[in-house]
Amino acid sequence: SAWLRPVSASNLPCTDAARAYRSTLSLPTGAVSLNGPVLAVAMADGAVTFADPDLDLASANIIAAAKLTEAPDALIPDTERQRVLAVLNRQGEIVAIEALTGKVAVLARGFERIETVIPAADGGAWVLDAGPSALIRVMADGTVTEVARGVSALAAATGRKVAAYSSASKAAVFDLATGHE
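This report concerns the structure included in the present document.

Calculation criteria
Residues numbered from 1 in each chain as written. Predicted model: local features only at pLDDT ≥ 70, side-chain atom pairs only at ≥ 80, totals over all residues. Heavy atoms only, no water. Helix = DSSP H or I, 4+ residues; strand = E, 2+ residues; numbered from the N terminus. Rg over C-alpha atoms; globule rule 2.2 N^0.38 Å. Buried < 20%, exposed > 50% of the residue type's maximum accessible area, 1.4 Å probe, protein only. Areas by Shrake-Rupley, 256 points an atom, 1.4 Å probe, with all protein chains shown as cover. Patch = residues over 30% accessible without salt bridge, like charges linked within 9 Å, V, L, I, M, F, W, Y side chains within 5 Å. Salt bridge = Lys/Arg side-chain N within 4 Å of Asp/Glu carboxyl O. Phe/Tyr/Trp six-rings, centres within 6.5 Å; stacked < 30°, edge-to-face > 60°.

A count of helices and strands for the chain gives one helix and 16 strands. For 181 residues, the compact-globule formula gives about 16 Å, and the C-alpha radius of gyration of the chain, at 20 Å, lies well above that figure. Dimensions of the chain along its principal axes, counting C-alpha atoms only, are 65 × 35 × 25 Å. Taken over 181 residues, the chain has a buried fraction of 36%. If you sum the accessible surface of the chain, you get close to 10,200 Å²; carbon and sulfur atoms cover 55% of it.

Put into C-alpha cells, the structure is as follows:
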C-alpha cells in the first residue's frame, strides 16, 4: 500500500505508521491513498486526462494529461506499465500514454484498421489489424511481426495470461508472454 500524508509534528514515524496500517488497514489521519483506481478520459479534441476519483479536490484530482493529434478510437489499460495504449486508426498507429506523467510515445505504426489491442507483459502488444485480417505481435521496441493471416477475432482471457484468436481455418489459444499456442 502507498499513501501521501502532510508533514506534521504529530505524525508517527513512518515505520510506526506502516505498522499501524498493517494492523488496522486504516490510513493515518490526513493521508491520501495512492492505490485506488485511475480514470483515463479521452476528449473529442484529442486531449487525454488521468484522474483519481478518490481525490475530491475539483480539478486537483487530475494526475496527468496528454494531447494527441486526434481523438483516440480506443484507450486500452496496461496496468502493469501504468499507462494506456491509445488506438489512432486515422494515423494507423498505437501510442502509449503514461498515467503518471502524460508522456506520449508511439508504440507502433503502419496499421490499416486496428480492431483489438491486448497489452503484453514485456511492454509490447498483440494486435488484430482488421484491414489485412492479421494477428500482429508488437514488441516493446516497436518491432512488428505478423503472426497469422485471416484472423477474424482476438480476445484475452480474464487475468490477461492467455488469449485466443480465430480464423476460417483455425482457432487457437496462446500464451500472451511467449506467443506459444
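Quick look at a nonpolar patch on the surface now. Taken together, the side chains of V38, I63 and L100 make up a nonpolar region of the molecular surface, amounting to roughly 250 Å² of accessible area. You can call I63 partly exposed: its relative accessible area is 33%.

For the rest of this paragraph, the subject is the packing of aromatic side chains. By the definition in use, this model includes two aromatic pairs. Pairing W126 with F174 gives two aromatic rings, centres 4.6 Å apart and planes at 55°, and the pair type is tilted. Placement of W126 in strand β11 (residues 125-129) and of F174 in strand β16 (residues 171-175) is noted, with a sequence separation of 48 residues between them. You can call W126 buried: its relative accessible area is 4%. For the pair Y165 and F174, a centre-to-centre distance of 6.0 Å together with 55° between the ring planes defines the contact as tilted. F174 matches Y165 in its accessibility class, with the two residues each being buried. Members of the aromatic cluster, connected to one another through ring pairs, are W126, Y165 and F174.

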